[in-house]
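# Topology and contacts: notes
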Amino acid sequence: MKRRTGSFALVAVLAIAFVLLALLWTAPADVAYRVLRPRLGGWQAQGLSGSLWDGRAEQVALHGMALGVLEWKVSRPAFFSGTTLGSASLRGPQVTLDLDFERTGRTAQLRNVALRVPAQVLAPAIAVPGLVPLGDVHATLSEVDLKDGYVNRAVGGLEWREMGVSGAAEGSLGDIEAVFGRTPDGFVLLEVRDRNARVSVAGQVVFRGPAFDLEAKLIPREPSLQLFTVLRLVGQRTEDGGTLLRVRGSMPPLY
């Protein structure tokens, strides 16, 4: 009797496992989202269609910020071996993003990242009262390694095109660019410089998990009351007529 009971239990467990596997193999995107939502951190989605493996969301948001339409593809074999592997494409009125991704446990790797966002999303990080950043930020990154949702390594760079501000002061400063590197102690470093802008810009951003420190020197290349007013608001005046901008802050995790 005990042997028959044990055999029945084993068959029942195998049957349940088979049903669950079949459901997961063909899981609709909305069902998968409800199951996986506790593991998605600050991400939210609406208007889901397709499946867990090949789907679409009519609207996605990160930490309450609406981004646009998301389409994705995920590898079934990799998923069942414990790795989330695939590609994603995001299209919104102001944001576009394409990337390949691979995540295992606490770590993730992004590859072939092409991103465009409005500079105003940087406003909370720069934290200059009364000023709203203008322009677009474009990122082209061949590799990005994440740990616990924060950048641990990056290869590539950023461009802030038509950098400017509005609000308490108005001004267009030109284009700046930044290139990622690493410090000897393992922190992620972003070197910043201008591209023949109206203002000379030289500085760096150091990322340590959720925390970052920005320090940059800005010197006007032309006599302009407009530029002087803008620079007076963004940082500390220096003896050479420039401005020293220092910002220390933190970022929410990507997952």
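Read on for an overview of the structure. (Residues numbered from 1 in each chain as written. Predicted model: local features only at pLDDT ≥ 70, side-chain atom pairs only at ≥ 80, totals over all residues. Heavy atoms only, no water.)

## Comments concerning the overall build of the protein chain
Regarding its fold elements, the protein chain presents five helices and 14 strands. When the 255 residues of the protein chain are sorted by exposure, 35% land in the buried category. In the structure as shown, the protein chain presents an accessible area of about 14700 Å², 61% of it carried by carbon and sulfur atoms. (Helix = DSSP H or I, 4+ residues; strand = E, 2+ residues; numbered from the N terminus. Buried < 20%, exposed > 50% of the residue type's maximum accessible area, 1.4 Å probe, protein only. Areas by Shrake-Rupley, 256 points an atom, 1.4 Å probe, with all protein chains shown as cover.)

## Quick word on the pattern of salt bridges
Tallied over the entire structure, the rule returns 18 salt bridges. Ionic pairing is found between Glu-58 and Arg-56, a salt bridge with its closest N-O pair at 2.8 Å. What makes Glu-58 partly exposed here is its relative accessible area of 39%. According to the relative accessible area criterion, Arg-56 is partly exposed, its value standing at 29%. A salt bridge links Arg-106 to Asp-148; the nearest nitrogen and oxygen atoms lie 2.7 Å apart. Note that Arg-106 is positioned in the loop between β5 (96-104) and β6 (107-118) and Asp-148 in the loop between β7 (131-147) and β8 (150-167), a separation of 42 residues in sequence. (Salt bridge = Lys/Arg side-chain N within 4 Å of Asp/Glu carboxyl O.)

## Observations concerning helix α2 (residues 29-36)
For α2, the set of buried residues is Ala-29, Ala-32 and Tyr-33. The buried residues of α2 occupy one face: seen down the axis, they fall within an arc of 105°. Seen from the open side of α2, the exposed residues pointing more than 90 degrees away from its buried face are Arg-34 and Val-35. Against the buried residues of α2 lie β1 (43-50) and β3 (65-74). (Arc of directions from axis to C-beta. Contact = heavy atoms within 4.5 Å.)

## Description of unusual backbone geometry
In the Ramachandran plot, Glu-162 falls in the positive-phi region, its phi being about 55° despite a non-glycine side chain. For Glu-162, a relative accessible area of 62% translates into the label exposed. Here the phi dihedral of Asn-196 falls at roughly 55°; this positive angle occurs in a residue that is not glycine. Mapped onto the elements of the fold, Asn-196 is located in the loop between β10 (188-194) and β11 (199-208). Assessed through its relative accessible area of 75%, Asn-196 is described here as exposed.

## Comments concerning the side chain of Ser-166
Locating Ser-166 in the fold gives a position in strand β8. Those residues in contact with Ser-166, other than ones at most four positions away along the chain, are Gly-130, Leu-131, Val-132 and Leu-134.

## A closer look at helix α5 (residues 225-234)
Residues of α5 that are buried include every one of Leu-227, Val-230, Leu-231 and Val-234, and no others. All buried residues of α5 lie within an arc of 95° about the axis, which places them on one face of the element. In this structure, the buried residues of α5 make contact with β7, β8, β9 (171-182), β11, β12 (211-220) and β14 (243-250). Of the residues flanking the start of α5, the one acting as N-cap is Ser-224, its side-chain oxygen 3.3 Å from the backbone nitrogen of Gln-226. (Polar contact = N/O pair within 3.5 Å; in protein donor to acceptor, adjacent residues only side chain to side chain.)

## Remarks on the pairing of β7
Of the strand pairs in this sheet, β6 and β7 are connected by 11 bridges, and their pairing is antiparallel. Directly across from Ala-114, in β7, lies its bridge partner Thr-140. The loop that links β7 with its antiparallel partner β8 comprises two residues; one of these, Asp-148, has a positive phi angle of about 55°. (Pairing = 2+ DSSP bridges.)

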